[in-house]
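Here's the letter readout for the chains.
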Amino acid sequence: MARPGSAHIRAKGAGLQMPAWLKRIKPDRRSSVASKNLSKRYVVIDCETTGLSPRSGDRVISFAAIEIVDDAPTGRALNLIFNPGRKSNPHALRVHGLADHVLRHQPEFVTAADEIRGFLGDAVIVGHNVSFDVGFLCHEFVQLGLLWTPAEQICTMQLFAAIGTGSTNLDSAAAHFGIDVSARGRFHNAFADAEITSRLFQTIHFRCSVPTAVPHLEPTNYVPPPPLIQSIDDLPGNDVGCSAGLAFAITGELACMSREQAIEAIEASGGTFHKTVRRDTDFLVVGDAPGATKLDTAAARRAKYGKPTNIDEARLLYLLNATQSAQTR
């Protein structure tokens, strides 16, 4: 609806001439063209964390980001890993698979905070259950006295939920569109999940029938931890051929036997089991997902007393078998 008097204004203006000063101002054609062709920038993100609640002290342990401009990845990406300063919740550990003894050798989030904020910039932030990732990132920045809030965010989980096909987790959404998730492997990897989400976003939001994949990027700030298990040739007292008279502690899950079975076998062979790592513990048997406390204690005891030596399950079995052979001679 026209404003009152608008027709009158147009009629009166029909006979007006452009002032000379206005004629001298040339329109900026570049600005008008650019405004029609502005590229929209998206950043697809994923975080792996020690647990589900930043308010409870959970932290980010890995972060990945993939840049998309218009409707395709540009090739710019981040993949970073961090020392959270705390252990992962057992359920979270089963999801991401990043052992505490590996994480505690990594740099802290503060070392990459500026890089991450610069990469995110004012882009539209995309994620599968994006509020979870944004919440953790904001918490990490606040801990450092930094502010960051996404100008806009898009949740691929919500986009997929609108289709109404049941489960909305990333695996189900990817399977619905035939998106390959094999790059993830056994555990949820931040970059692999971000890359899968990137293809899901291209498929749903841009209706790409063949979304562009992004080559896998290993964490660029990864610090290799010292080996947990020394070579058998490096073991002190390598002439020890059986477990009799030796003291053992165990950390992590064993593959060939339960911890109770291992304890029974150690004691049956004349060895001693220590529930904690003590100054007179000879060997710490390291299984899958070992505990950081026992590993740290073993390292401190070893520096001071020269033992215990970290061994794997195979070495324990070798000692137990050697003892059994000696006993049956």
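Definitions and cut-offs
Residues numbered from 1 in each chain as written. Predicted model: local features only at pLDDT ≥ 70, side-chain atom pairs only at ≥ 80, totals over all residues. Heavy atoms only, no water. UniProt positions renumbered as here; feature names shortened; annotations may be inferred. Pairing = 2+ DSSP bridges. Helix = DSSP H or I, 4+ residues; strand = E, 2+ residues; numbered from the N terminus. Axes fitted to C-alpha atoms, helices over the stretch in contact; angles between N-to-C directions. Contact = heavy atoms within 4.5 Å. pLDDT = per-residue confidence, 0-100. Salt bridge = Lys/Arg side-chain N within 4 Å of Asp/Glu carboxyl O. 1 Å grid on protein atoms, 1.4 Å probe; cavity = no way out; pocket = protein on both sides within 12 Å on 5 of 7 lines; lining within 4 Å. Points joined across faces, edges and corners; volume = space filled by probe spheres on them. Nonpolar A, V, L, I, M, F, W, Y, C, P; charged D, E, K, R; others polar.

Per an unreviewed UniProt entry, the protein chain is named DNA-directed DNA polymerase, and its organism is Azospirillum baldaniorum. What UniProt records for the protein chain under Catalytic activity (unreviewed entry) is the sentence "DNA(n) + a 2'-deoxyribonucleoside 5'-triphosphate = DNA(n+1) + diphosphate". In the Function (unreviewed entry) part of its UniProt record, the protein chain is described as follows: "DNA polymerase III is a complex, multichain enzyme responsible for most of the replicative synthesis in bacteria. The epsilon subunit contain the editing function and is a proofreading 3'-5' exonuclease."

A few points about the sheet that holds strand β1 (residues 41–49)
Here we have 5 strands laid out as an open sheet, ordered β3-β2-β1-β4-β5, and mixed in their pairing. Only two strands of the sheet have a single neighbouring strand rather than two, namely β3 (72–81) and β5 (152–155). Here the average twist between neighbouring strands, direction ignored, is 25°. Examined bridge by bridge, β1 and strand β2 (residues 60–69) share 9 bridges and lie antiparallel to one another. Pairing of T49 across the sheet is with V60, part of β2. Running at roughly 80° to β1, helix α7 (residues 130–143) makes contact with β1, β2, β4 (124–127) and β5 of the sheet.

Notes on the confidence of the model for the protein chain
When the pLDDT values of the protein chain are averaged, the result is 85; 84% of them are 70 or greater. Note on residues 1–16: pLDDT under 50 across the span, and 0 contacts to partners over four residues away in sequence or across chains. In this model residues 21–37 is a low-confidence stretch, pLDDT under 50, and it forms 1 contact with partners more than four residues away in sequence or in other chains.

Points about the pattern of salt bridges
On inspection of all chains with the given rule, the structure shows 11 salt bridges. Its salt-bridge partner being E67, residue R76 comes within 2.9 Å of it at the nearest N-O pair. In this structure, R278 engages D280 in a salt bridge whose closest nitrogen and oxygen atoms are separated by 3.2 Å.

Things to note about the layout of surface pockets
The calculated volume of the largest pocket comes to roughly 600 Å³. Forming the boundary of the largest pocket are 24 residues, of which C47, E48, V95, F132 and H188 lie nearest the centre. Contributions of two or more residues to the lining of the largest pocket are made by β1, α4 (90–96), α7, α9 (170–176) and α10 (190–205). Here the residues of the lining of the largest pocket sort into 7 nonpolar, 10 polar and 7 charged. Here the second largest pocket is characterised by a volume of approximately 500 Å³.

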